[in-house]
Structures are given as structure tokens and as C-alpha cells.
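What the coordinates show
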Amino acid sequence: MSEDRPVYDLLPAVHRNRDAELGHPLRALLEPVEDELRRLREDIDGLYDNWFVETCAEWVLPYLGDLLGVEPLAASPHGAAPRRAFIANTLRHRRRKGTPATLEQLAQDITGLPAKVVEYFQLLGATQHVNHPRPGNLRTPDLRDTGRLGLLGTPFDQAARTADIRHVDRGRGRYNLGAVGLHLWRLSSHPYTDVDARAVDAAAGRWTFDPAGRDLPLFTRPRGGPTQELEIPAPLRRLTLHQHMEQLLSGPDPVFRIRLPEPHRLIAADLSEWTRPPVTADGAPWVAVDPLLGRFTLPPGMEPDRVRVDFHQGSPGDIGAGPHDRRATLATALSAAGTPWPDTVDWQIGVSRNHAQDPSGPSDGRVVATLGEAVRAWNTRPDQAPGQTGVIVVMDSATYREELTGEQRIEIPPGNRLLLVAAHWPSGLTPRPPDTPASAPGPFAAAGPRPHLVGSLEVVAPGGRAARPGELVLDGLSIEGQLTAAPGDLDSLVVSDCTFTDQLLAADNPRLTVRLIRTVCARVWLDGTVPGLRLSDSILYRGKAVIAAAADVEIEACTILGITWARTLTADNSILHGDIRVREPEQSYLRYSYAPLDSTVSRRYRCHPADLEAAARVAPSFISDRQGVLGFYRLAADCPGEIATGAEDGGELGAFHFLHQPWRMADLTAQLDHYLRFGLEAGVFFAD
């Protein structure tokens, strides 16, 4: 259509020809007009989109809510509460207010968490009347019903109780007249596909689903139905697996799958003692699975070299390596060095142990089976001019047993940049390998694969300066080993959404700045020549957690359990639970953080504890302080309010600050009274 054509093209040809003879002054004059016309068209198109709650801009939502008389949610930070679903379902909720289903949907719309409503007044044990018998409200549970006994203390508990007169809205009592409990699950269930199971003892048939060999429970897969035991993200019980084996393992996306070269049958078992299933006389062999420990055992005679599994596993938040969507964090990592990454790259290669010639891979077919081959290809490429950008994409969730150190280490020539990322091909940059068309291939998605490296990784930047920084970016990797920046001239090392079971070590790089973004690492150790360390939304948990005596350390919303040494230290919204020693305290400060009173930082602003009296009461408490356990360093429900809401914006301190949980809970409790029946009061509890 003519209105979509540039204004300059609408002019008569005689004027355009004359303009070309004069050097296009008229076209230059009309370019600002064209920009304003484009903005006007976009604004008109946006006006139509803003008529509907499904397509409107974020700033329009409060106005649409005001038209419906919706009480505004708390002034939470941008993106803290999913307002769109809450406003879109307002009329539906009002028509059904007072029902448990509406309260559950209301909680999910406001918090984004699965919810289960329990009417505790229905579970009060009472003397039975012949005109109103209630067989379910028996005072004594049936001790023979192991299924119901296993649900005691959970939101699905149906055992009757005596009355508790404390108020449920204060979280103290539950079983009382008018008491309603709203249970929320903070853990999410992530699918892991084509993962290499870990052989604890292959000869004895002992395997774990977790590629690092940890005992982690398998999770159920939420299916979007009513809030039942099989529909919420929670550890899968042994009895539940036994009773619903066919339902849980059927369909295209089962709760878990074990890929073995021969047909087999699955049975649920308690494998605390690694009990091996017997050999069947006829038919398919048995494979015993313990969902609570994430273990499985194979029968005698079955000793495969490799077992690939699919399963679902719980996560307290999108920190560390995982199959969650990491595109936003990757964009932050690529811009962390300050110099923008280009839209196109000069070199690329894919890594896939499962299919070295994946049809969905890069157009030039350059997919190798090991990380070592990809690193050698990068190190030995023929044209290594300054300013080049390369990408190594790990395309599966396999386990790679390699030592990328010494002669196999990654080399970053002066002015070169390398991105080592777990993602599906094609890439988020627009890769352009040699001898391939500029249009191939398209962008990649940094989500899904979670490769696990058993071994250490080393990077070195040979001496030399260039106009652009020499940089290595790691994203989405699980490394069972150490990451080392060897002596050289590396400018930037960025680690995002990674998990290290060992330390990050950097030595003799006088221009290096190390950045950790949403990463779980045992500790960071920088020698006296490394000048900078930046930590955000990360967890460091071992002993001497941060040793950077010559570096300027900046910490934003992190949880650090251990000693912190630095030249200068600035920390915001963080938990520093350990000794703090700073060489230049007058240039350091702590804001809205938890830190010991005897730290050498001279300036503290609204930090906790404030004095010796508060120190005896205010301290962070976590669901678990053991790496690899569900709820690892996530604040517990009984954590003091100074920690749970002590951040600058009213959020929680520590690495999970980005979840904005206090804001969501405040918004939910503010709305509950509008949807409860008269005489009822509701309490909010965390089911996990």
C-alpha cells in the first residue's frame, strides 16, 4: 500500500532525479519526517492493541483495572506481579467469589505460583449426629491406610483434628471454625531431556538421575488441571509412583523415562540400601526406581555403558545451570563488559554428544562430539585477526568427561571474544561462519540444554592489546570442577547461569574483571593482580567464599556464606554471612544488607543487624544450606522480617531477590478479603 512506502518514494520522479543530481539533500530533509511518521503509525496501531487486556501495554493495565473497580495492587517493582491475568479474570472471579476454586485461581493470577485451598473447618473432628453423619471426620486416622498417612501435614491431609483457636491469618492456627488455608508451592518443576545418568557403581547396577551423582528427588509434572497431588510441582512419592505408574509414565511427556537398549519394566522401590531388582525368569527385566532419592538400579547382567534419562526436577529459582529460559540473562552477560557484542559473529561451531550431525544444526554441518574438539577448532582456526567473535554452542544435556586444561585450554587472542553457551541451534547472535551465506543461520534459544562437564576448564589470553577487549562468556554450563583464568591479558570473564562445584580462580591478569550473574559457585579466588570482581544474583557457599584482596568488589543481591576479603567492597541487598575484611574501608559501604557487626566496612546504611541486641535475634535462616538440596539457600518461611523484607525495594535479601516474593505475598493478602465468604479468614502457607 502507498501509505506504507517511504515518503521520499511518493514524490514525483522528476523531483527525485533532480535531488539525486544535487547529492540527495531532499531525501536527507525528509528522513526526520519519515521517522516521525513511523512513530505515529506505531502509536495508532498501539491504540487498538491497548483496547484489550491480552495485548495492551504494561502501563495501560492499571487504567483497565480502574474501569473495573479493581483495587490496585501494591506499588511493586516492574514485573514483580503478573497483573495482566489478575485484571483479565476479575469479572470471572467476582461471579464465583467465595469458592475454593476461585481463591486458588486468584492466588495463581497474583503470585504466579500453584495454589491449593483447604477449608480447615471441614476437617474438625466432632461428635457425630445421626442426622448429620460425617464418616470422614473420624478422630483417629486409619493406621492401615498408608496412602493417607503419607499425606499427613501436607495440603492434601484429610485427617480430622481437634480445634485450634489461634488465628489462621497470622499463620499460627489452622483447624478452627471459619479457617481457610491457602497453600503455595514456591518450587518449580523443570524438564530435563536426554541427560546422561550417573553411574555410581555400574557393575552393581547403581545409577542416579542427576548427572552429578547427587540424591535429588524426581518431581511431578504440572499438567494445568485441578490442584491435586499429581498436578503440583512437588517431589514424587514412592507410593504415588506405585499406584499411578501408568498414568505418570504415559503420553508424549512422561514424568520420567529411562532409555535402555532392551525392553524393561519399571517398579517403585526404596533404594536407600541400593537394593537390586531380581532377574525375571521370563519377560522383560525389572528396573527399580526410587523417586524420592532420584536413584534407579538395574538387574544383574544388565551393564550398559551409557544410560540416557528424561526427568523433572525441582528448582527454588532460575539460578545456576538449568533448562530454564536464559535469554534475558544471556543478553545481560553479553553487555556486561561495556563494549556491545556485534549482531553477527565470525566463527561458530556446535557440540553434541547425542547427535554429531544434528539436522537442526548449523547450515555448514560443523557439529562435533566433544568440547575438546570445539576448543581445538577455535584455537587452531587459520584466520585469527583481532576483533573476531566466536560461538561454541553445546546443543544437548549430555555429560562430557574432559579436562579442558593445559594444551586443551581455551585461548583468547588479543581483541577476540568467545561465547560458550548451552542452547538450541540456531544462535541468538546471527552467526556467520566462513564460506556460509550472511543470512544463515537464524537466532538460537538459550533454553533447554543443560550440559554437565566432569573436569576443569581453563582459559588464557596471550599477551597483547587490541582496540576491543578479549573476553570469554560462559552461559548455562554445569561444571564439576574448577574454572581457571591462567596468567595473561584477559580483559573480561563473564559467567552467567552456571553451576560450579569447585572454585573460580584467576591469577596474573592485570586488566581482568570477573563477573558472575545468577551463578552458583563454591568460591572465587583472585590473586593480587586481578583488579575487579562483580557479583549479582549469585550464591557462593564454601569457607573462604570471596578472596580478592587487591580487587574492587561489587555485590548486588547475592548470598555469600563464608569469608569475604577485598580491597574495596560495595554491597546492596545482599547476605554476607561470614567474616568481612576490607583493606580500604573508607572507600567501601554496605547498603540494605546483612553483614556481621565486626566487619571492617566503615559505612553501613540500613543494614542488619543494627546493634548487639538485634544480632541475637536477626539472622538469616534457610530451607537448606547443603549444595544440591532442594531450597538451597532459599530463605525459610520463618526467616526474620528484617531479612525477608530488608531490601531497598522491600524485597528479600540475597540471591533470590529477583523473584519479588514479598511483593507478591503482600498483593495476595490485600486481595483475599474481597473474595472470602463472610465469617471466614484465610492464612497463606508455603507448602514446600
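Model, not experiment: these values are computed from the prediction. (Residues numbered from 1 in each chain as written. Predicted model: local features only at pLDDT ≥ 70, side-chain atom pairs only at ≥ 80, totals over all residues. Heavy atoms only, no water.)

1. Concerning the pattern of salt bridges
Scanning the entire structure with this criterion turns up 35 salt bridges. The salt bridge partner of arginine 417 is glutamate 471, with a shortest N-O separation of 3.2 Å. Residue arginine 417 is found in strand S17 (residues 417-422), and its partner glutamate 471 is found in strand S21 (residues 471-475); the two are separated by 54 residues along the sequence. Its relative accessible area of 0% is what places arginine 417 among the buried residues. Note that aspartate 537 and arginine 518 form a salt bridge whose closest N and O atoms lie 4.0 Å from each other. Of this pair, aspartate 537 sits in the loop between strand S30 (532-536) and strand S31 (539-540) while arginine 518 sits in the loop between strand S27 (513-517) and strand S28 (520-521), placing them 19 residues apart in sequence. It is possible to trace a salt-bridge network through shared partners that takes in Asp194, Arg257, Arg259, Arg308 and Asp310. (Salt bridge = Lys/Arg side-chain N within 4 Å of Asp/Glu carboxyl O. Helix = DSSP H or I, 4+ residues; strand = E, 2+ residues; numbered from the N terminus. Buried < 20%, exposed > 50% of the residue type's maximum accessible area, 1.4 Å probe, protein only.)

2. Some points on the sheet that holds strand S4 (residues 198-201)
With respect to topology, five strands assemble into an open sheet ordered S4-S5-S9-S8-S7, the strand pairing being mixed. If you trace the sheet from one side to the other, it starts and ends with S4 and strand S7 (265-268), each paired once. With direction set aside, neighbouring strand axes in the sheet form an average angle of 30 degrees. As judged from the three bridges shared by strand S8 (residues 286-290) and strand S9 (residues 295-297), these two strands associate in the antiparallel manner. Within S9, the position partnered with aspartate 290 by the bridge is arginine 295. (Pairing = 2+ DSSP bridges. Axes fitted to C-alpha atoms, helices over the stretch in contact; angles between N-to-C directions.)

3. Some details on the pairing of strand S34 (residues 564-572)
Of all nine residues that make up S34, seven are buried, and the element is covered over most of its length. Bridge count between strand S32 (residues 546-556) and S34: eight bridges; the pairing is parallel. Bridge pairing links valine 546 to threonine 564 in S34. One ladder, built from three bridges, connects S34 with strand S36 (residues 580-582); its direction is parallel. From the neighbouring strand, threonine 564 faces S36, where its bridge partner is isoleucine 580. Examined bridge by bridge, S34 and strand S37 (residues 589-591) share three bridges and lie parallel to one another. Among the inter-strand pairings, alanine 571 is bridged to a residue of S37, identified as leucine 590.

4. As for unusual backbone geometry
Omega for the bond connecting histidine 608 with proline 609 falls within 30 degrees of zero, at -5 degrees, which places this linkage in the cis form. Looking at where proline 609 falls in the secondary structure, it is placed in the loop between strand S38 (603-605) and helix H12 (612-615). Even without glycine at this site, arginine 606 takes up a positive phi of about 50 degrees. Structurally, arginine 606 is set in the loop between S38 and H12. If you check the backbone angles, tyrosine 633 has positive phi at about 55 degrees while not being a glycine. With respect to the secondary-structure elements, tyrosine 633 resides in the loop between H12 and helix H13 (641-644). Note on tyrosine 633: relative accessible area 7%, which makes it buried.

5. Section: the packing of aromatic side chains
Tallying each qualifying case throughout the model produces 15 aromatic pairs. Look at phenylalanine 209 and phenylalanine 296: their rings are 5.1 Å apart centre to centre, the planes differ by 65 degrees, and that puts the pair in the edge-to-face class. Remark: phenylalanine 296 occurs in strand S9 and phenylalanine 209 occurs in the loop between strand S5 (206-208) and helix H8 (238-243); sequence separation between them is 87 residues. What makes phenylalanine 209 buried here is its relative accessible area of 1%. Owing to a relative accessible area of 0%, phenylalanine 296 belongs among the buried residues under this scheme. Pairwise contacts between aromatic rings join Tyr192, Trp207, Phe209, Phe256, Phe296 and Phe311 into one cluster. Across from the ring centre of phenylalanine 658, 3.7 Å away, lies the NZ or CZ of arginine 518, which sits over that ring. Between the NZ or CZ atom of arginine 634 and the centre of the ring of phenylalanine 656, over which it lies, the distance is 5.3 Å. (Phe/Tyr/Trp six-rings, centres within 6.5 Å; stacked < 30°, edge-to-face > 60°. Lys NZ or Arg CZ within 6 Å of the ring centre and 35° of its normal.)

6. Section: the environment of valine 629
Tracing the backbone shows valine 629 in the loop between H12 and H13. Take valine 629: its relative accessible area is 25%, and that puts it in the partly exposed class. Note: C-alpha distance between valine 629 and proline 217 (412 residues apart in sequence) is 9.1 Å. In contact with valine 629, other than residues within four places in its own chain, are Leu216 and Ser624. (Contact = heavy atoms within 4.5 Å.)

7. Side note on helix H10 (residues 327-334)
For H10, the set of buried residues is Thr329, Leu330, Ala333 and Leu334. Projected onto a plane normal to the axis of H10, the buried residues spread over an arc of 140 degrees and lie on a single side. Buried residues in H10 make contact with S17, S21, strand S24 (492-496) and S27. (Arc of directions from axis to C-beta.)

8. Here we look at the confidence of the model for the chain
Within the chain, residue pLDDT values average 85, and 92% of them lie at 70 or more. The low-confidence segment residues 357-365, where pLDDT is below 50, has 14 contacts with residues more than four positions distant or belonging to other chains. Here residues 427-442 scores under 50 on pLDDT; set against residues more than four positions off or in separate chains, the count is 46 contacts. (pLDDT = per-residue confidence, 0-100.)

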